[in-house]
Amino acid sequence: MAAPPDREVSSALSLELLPTDPLLLILSFLDYRDLVNCCYLNQRLNQLSSHDPLWKRHCKKYWLISEEEKSRRNQSWKAIFTSTYSEFGRYIHCYATLKKAWDDLEKYLGQWCPRMISSLKESAKEEELDAVEAQIRCKLPDDYRCSFRIHNGQKLVVPGLMGSMALSNHYRSEDLLDIDTAAGGFQQRLGLKQCLPLTFCIHTGLSQYMALESVEGRNKYEIFYQCPDQMARKPSAIVMFITGTSYLEWFTSYVNEVVTGGYPIIRDQIFRYVHDKKCVATTEDITVSVSTSFLPELSSVHPPHYFFTYRIRIEMSKDALPEKTCQLDSRYWRITNAKGDVDEVQGPGVVGEFPIIGPGKVYEYTSCTTFSTTSGYMEGYYTFHCLYYKDKFFNVTIPRFHMVCPAFKVSTA
């Protein structure tokens, strides 16, 4: 039997021969780089890849451009993407994250700390950042540069954008330095070689630094507080309390704590107390909650002396009966360090006061403690007496709260 004649094999369907709608659907899944490359393949793909709705997703994803801003700018999505890329293209991997952080922070400050908004400086120019790199002879990381293209830090004012801390006669409030002030504080001295200050407190002189090179035991772009090694023979020997592994991580994690209410707003400024939501205890109608903070400027690794402050909130339920009104008489503390050593403290009142608590009333105070170990915890109770029934005394539980020193390194200088 004779073999059937060969049939002509039809050529594969070419991509550009697809109907317009499915081809646009395919193009909608491409990243902006691939979409640009399609412009160079042939005339039809060039026309379709310029289809304006294709660029809407990229404008929102990379530049956070809203419909309102598009209307205000009166440009096509592609034109907006192209013009923004020409200005911020080198930062496309981090721009959206930092822009969102700044937008969220400004919105929050506008509601809770409005006077701080006026301290923010306008964006730095690209040539200004280039000039600083030439001045200090070090490259600035892209995430740092990108953030300063949005806001060039803040003016040297109080309160500082990067948080405050107050304890008795000790006060700290850290400003986010503008690029020129930071460059003026760039360090080349032994112990802090090639370190750029990010923050500054005009009361204590304390700064957080970013390492621009991996020298003296630091990782490149690591952020830290410096602490002198008091037991070293060389004055250049320091210990570094690590606060971030990169500018992006350091700044966005701080902003997240602020805008989610992790840090309390007190007297129109941000206080860097950390509150564990599980650290709450209720005794009858009285609730006690605690937040804590580590103070690097009052701490030391050599010799070991770790300084913590804690803020306690005592609140009576607004539904409590008026006859439940009471006054705090005394406090009892059980303090345990990481080695299991225990100290007990008992005394009248709190910080020299004997507060009266009634329905819906709140009393807050700040105190401190130190450990010879890098961590420890406290717990205890307050003793109250009723004002209506003066012979009635009762204890109110203070929940156990832990304090942990941040990770630290010893300089190899």
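Residues numbered from 1 in each chain as written. Predicted model: local features only at pLDDT ≥ 70, side-chain atom pairs only at ≥ 80, totals over all residues. Heavy atoms only, no water.

- Taking an unreviewed UniProt entry as the reference, the protein is identified by name as FBX3 protein belonging to Vireo altiloquus.
- As recorded by UniProt, the Pathway (unreviewed entry) comment attached to the protein reads in full: "Protein modification; protein ubiquitination." (UniProt positions renumbered as here; feature names shortened; annotations may be inferred.)

1. Concerning the sheet that holds strand 17 (residues 362-371)
Moving on, step 1. The four strands lie next to each other as 11-12-13-17, forming an open sheet whose pairing is antiparallel. One side of each edge strand has no neighbouring strand; the edge strands of this open sheet are strand 11 (274-283) and strand 17. Neighbour to neighbour, the strand axes of the sheet diverge by 20° on average, direction disregarded.
Moving on, step 2. With six bridges connecting them, strand 11 and strand 12 (residues 286-294) associate as antiparallel partners. Each residue of the ladder has a partner; that of alanine 281, found in strand 12, is valine 288. (Pairing = 2+ DSSP bridges. Helix = DSSP H or I, 4+ residues; strand = E, 2+ residues; numbered from the N terminus. Axes fitted to C-alpha atoms, helices over the stretch in contact; angles between N-to-C directions.)

2. Details of the confidence of the model for the protein
Moving on, step 1. Confidence in the prediction for the protein averages 93 pLDDT; 96% of positions are at 70 or higher.
Moving on, step 2. For the stretch residues 7-11, pLDDT sits under 50, and the model shows zero contacts to residues farther than four places along the chain or on other chains. (pLDDT = per-residue confidence, 0-100. Contact = heavy atoms within 4.5 Å.)

3. Section: the UniProt feature "domain: ApaG" (unreviewed entry) in the protein
Moving on, step 1. Taken from the UniProt record, the annotation "domain: ApaG" (unreviewed entry) applies to residues 280-410.
Moving on, step 2. Between the first and last C-alpha atoms of residues 280-410 the distance is 36 Å; the span itself is 0% helix and 63% strand.

4. Quick notes on the nonpolar core
Moving on, step 1. Counting residues in hydrophobic clusters, the biggest one holds 62 residues, and the most contacted among them are Leu140, Tyr144, Leu161, Tyr247 and Phe251.
Moving on, step 2. In terms of residue count, helix 7 (residues 95-112) provides more of this core than any other element does, seven residues in total.
Moving on, step 3. Residues from two domains meet in this core; each of domain 1 (21-91) and domain 2 (96-260) gives at least three.
Moving on, step 4. Among all residues touching tyrosine 247, those that are not within four sequence positions of it are Leu98, Asp143, Tyr144, Ser147, Phe148, Leu176, Leu198, Met210, Tyr221 and Ile223.
Moving on, step 5. Counting 37 residues, the second-largest nonpolar core is a separate cluster that includes Phe241, Val290, Met316 and Tyr363. (Core = buried A, V, L, I, M, F, W, Y, C linked by side-chain atoms within 4.5 Å. Buried < 20%, exposed > 50% of the residue type's maximum accessible area, 1.4 Å probe, protein only. Domains from an automatic or database assignment.)

5. Focus: the side chain of glutamate 126
Moving on, step 1. With respect to the element layout, glutamate 126 can be found in helix 9 (residues 126-136).
Moving on, step 2. Glutamate 126 gets classed as buried once you look at its relative accessible area, which sits at 18%.
Moving on, step 3. Not counting the four nearest positions on each side in its chain, glutamate 126 is found in contact with Arg90, Tyr91, Arg145 and Arg149.

6. Structural notes on the packing of helix 9 against helix 10 (residues 142-150)
Moving on, step 1. One can describe the packing of helix 9 onto helix 10 by two numbers: an axis separation of 10 Å at closest approach and a directional angle of 140°. Taken together, the axes of helix 9 and helix 10 lie oblique to each other. Two packed elements cross with a definite hand, and for helix 9 against helix 10 that hand is right-handed. In this structure, helix 9 contributes Glu126, Leu129, Asp130 and Glu133 to the contact, and helix 10 contributes Arg145, Phe148 and Arg149. (Parallel < 35°, antiparallel > 145°, perpendicular 65-115°, else oblique. Left-handed = near helix turned anticlockwise from the far one by under 90°.)

7. Some details on the environment of valine 342
Moving on, step 1. Considering the arrangement of structural elements, one finds valine 342 in strand 15 (residues 342-348).
Moving on, step 2. Considered as a pair, valine 342 and glycine 376 are 34 residues apart in the sequence and their alpha carbons are 9.9 Å apart.
Moving on, step 3. Setting aside residues up to four positions removed in sequence, valine 342 forms contacts with Arg334, Ile335 and Thr336.

8. Notes on the environment of histidine 402
Moving on, step 1. Mapped onto the elements of the fold, histidine 402 is located in strand 19 (residues 393-404).
Moving on, step 2. As for histidine 402 and isoleucine 117, which are separated by 285 residues in sequence, their C-alpha atoms are 34 Å apart.
Moving on, step 3. Leaving out residues up to four positions away in the same chain, histidine 402 has contacts with Thr292, Gly376 and Tyr377.

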